[in-house]
Amino acid sequence: MIEYKDCAKFESLSEMSEAIEMGLDIEFILSGKRYNISRRDNKPFICECPEGEAMFYANVQTMLDKNKINDISLKELWNDIEILSM
């Protein structure tokens, strides 16, 4: 398992959604794996770091609803995310 010290946390699901909407490059740890959320061609994507395949979504809400890690949607996992950089 990856361990990092001094990781930040989102204060709410809306804060996470707004950060993604603004196009911030978010690197985080979830379930012992490192991920990146960013935007390309005005579409949000998520991928496992460092070499994971990017999964693109039409918009932020679709990403939060449809992307699942360990069969749980991102919108349900927001509080477990440990932010490495943003």
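Since we're looking at a predicted model, the values are computed, not measured.

Undergrad: Explanation requested: the packing of aromatic side chains in the structure shown.
TA: A ring pair, where both rings are aromatic, is described by two values, the distance of the centres and the angle of the planes. In total, this model carries two aromatic pairs according to the counting rule given. Both rings, one in Phe 28 and one in Tyr 35, keep their centres 5.5 Å apart while their planes meet at 20 degrees; by these two values the pair is stacked. For Tyr 35, a relative accessible area of 8% translates into the label buried. Aromatic side chains Phe 45 and Phe 56 sit 5.1 Å apart centroid to centroid with 45 degrees between the ring planes, which places their arrangement in the tilted category. With Phe 45 in strand E3 (residues 43-48) and Phe 56 in strand E4 (residues 55-56), the pair connects residues that are eleven residues apart, well separated along the chain. Here Phe 56 falls in the partly exposed class, since its relative accessible area comes to 38%.

Undergrad: What is the right way to look at the environment of Asn 67 in this model?
TA: Residue placement: Asn 67 occurs in the loop between helix H2 (60-66) and strand E5 (68-69). A sequence separation of ten residues divides Asn 67 from Leu 77, and the C-alpha atoms of the two residues are 10 Å apart. Among residues more than four places away in sequence, those in contact with Asn 67 are Ile 46, Met 55, Tyr 57, Thr 62, Ile 72, Ser 73 and Leu 74.

Undergrad: Please explain the pairing of E3 as it appears in this structure.
TA: Every regular strand shows the same layout, with side chains that alternate between the two sheet faces. As paired elements, strand E2 (residues 33-40) and E3 share six bridges and run antiparallel to each other. Looking at E3, one finds that Asn 36 is bridged to Cys 47. Hairpin connection between E2 and E3: a loop of two residues separates the two successive antiparallel strands, and Asp 41 in this loop has a positive phi of roughly 55 degrees. Of the pairings in the sheet, the one linking E3 to E4 comprises two bridges and is antiparallel in character. Directly across from Ile 46, in E4, lies its bridge partner Met 55.

Undergrad: Could you clarify how one ought to interpret the nonpolar core in this entry?
TA: Where a protein is soluble and globular, its nonpolar side chains tend to be buried together. Phe 10, Met 16, Ile 20, Phe 28, Ile 37, Ile 46 and Leu 74 are the most contacted members of the largest nonpolar core, which has 20 residues in total. Elements with a minimum of two residues in this core: helix H1 (13-21), strand E1 (26-30), E2, H2 and helix H3 (74-77). Not counting the four nearest positions on each side in its chain, Met 16 is found in contact with Phe 10, Ile 37, Leu 64, Leu 74, Trp 78 and Ile 81.

Analysis parameters
- Residues numbered from 1 in each chain as written.
- Predicted model: local features only at pLDDT ≥ 70, side-chain atom pairs only at ≥ 80, totals over all residues.
- Heavy atoms only, no water.
- Phe/Tyr/Trp six-rings, centres within 6.5 Å; stacked < 30°, edge-to-face > 60°.
- Buried < 20%, exposed > 50% of the residue type's maximum accessible area, 1.4 Å probe, protein only.
- Helix = DSSP H or I, 4+ residues; strand = E, 2+ residues; numbered from the N terminus.
- Contact = heavy atoms within 4.5 Å.
- Pairing = 2+ DSSP bridges.
- Core = buried A, V, L, I, M, F, W, Y, C linked by side-chain atoms within 4.5 Å.

Remember, this is a structural readout, not a statement about activity or role.
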